[in-house]
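# An overview of the molecular structure
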Amino acid sequence: MDSTYKKIFSGSFIVVQLIVDKLKAIGINPVVKDETESGRLAGFMASIPGFQDLYVSEDEVETARPVIERVTNELEADTN
């Protein structure tokens, strides 16, 4: 089965949740894939706990990218 979703970001749970909130505020409902949780439920452990992938529909990628850039730039500026 072909997916119409594209991965647009990978990162920590906290950053992903911040991006999810910003995307939902503009009407984009992303999908979060958490290998750690999936592995835990299956009885395995993922290599990086708290690391998540963020997906959006192909037709929302161009709208979502500036949001991700803004969030990551703000976080980077806060750490400098």
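Residues numbered from 1 in each chain as written. Predicted model: local features only at pLDDT ≥ 70, side-chain atom pairs only at ≥ 80, totals over all residues. Heavy atoms only, no water.

As annotated in an unreviewed UniProt entry, the protein chain carries the name DUF2007 domain-containing protein and is attributed to Mangrovimonas cancribranchiae.

What follows is about the confidence of the model for the protein chain. Scored by pLDDT, the protein chain has a mean of 85; 80% of the residues are at 70 or more. At the low end of the mean pLDDT range in the protein chain sits helix α2 (residues 35-42), at 57; at the high end sits helix α1 (residues 13-25), at 96. (pLDDT = per-residue confidence, 0-100. Helix = DSSP H or I, 4+ residues; strand = E, 2+ residues; numbered from the N terminus.)

What follows covers the nonpolar core. A general feature of soluble globular proteins is that nonpolar side chains tend to end up buried together. In terms of nonpolar packing, the biggest core is built from 15 residues, with Ile 8, Phe 9, Ile 19, Leu 23, Leu 54, Val 56 and Ala 64 touching the most fellow members. Elements supplying a minimum of two residues to this core: β1 (5-12), α1, β3 (51-57) and α3 (61-79). Residue contacts for Leu 23: discarding those within four places in its chain leaves Ile 8, Ile 28, Pro 30, Leu 54, Val 56, Ala 64 and Val 67. (Core = buried A, V, L, I, M, F, W, Y, C linked by side-chain atoms within 4.5 Å. Buried < 20%, exposed > 50% of the residue type's maximum accessible area, 1.4 Å probe, protein only. Contact = heavy atoms within 4.5 Å.)

The next subject is α3. A rise of 1.5 Å per residue sets the reference length of α3, with its 19 residues, at 27 Å; its end C-alpha atoms lie 27 Å apart and thus fit the reference within 8%. Structurally, α3 contributes buried residues whose contacts are with β1, α1 and β3. (Expected span 1.5 Å × (residues − 1).)

Position of Glu 60 among the secondary structure elements: in the loop between β3 and α3. Despite being buried, Glu 60 has no salt bridge partner; Lys 24 is the closest side chain of opposite charge, sitting 12 Å away. Apart from residues lying up to four places away in sequence, Glu 60 is in contact with Gly 27 and Ile 28. (Lys, Arg positive; Asp, Glu negative; His and termini not counted. Salt bridge = Lys/Arg side-chain N within 4 Å of Asp/Glu carboxyl O.)

Inspection of the secondary structure assignment puts Gln 17 in helix α1. Remark: the alpha-carbon pair of Gln 17 and Leu 54, spanning 37 residues in sequence, is separated by 9.4 Å. Excluding residues within four positions of it along the chain, Gln 17 makes contact with Val 32 and Gln 52.

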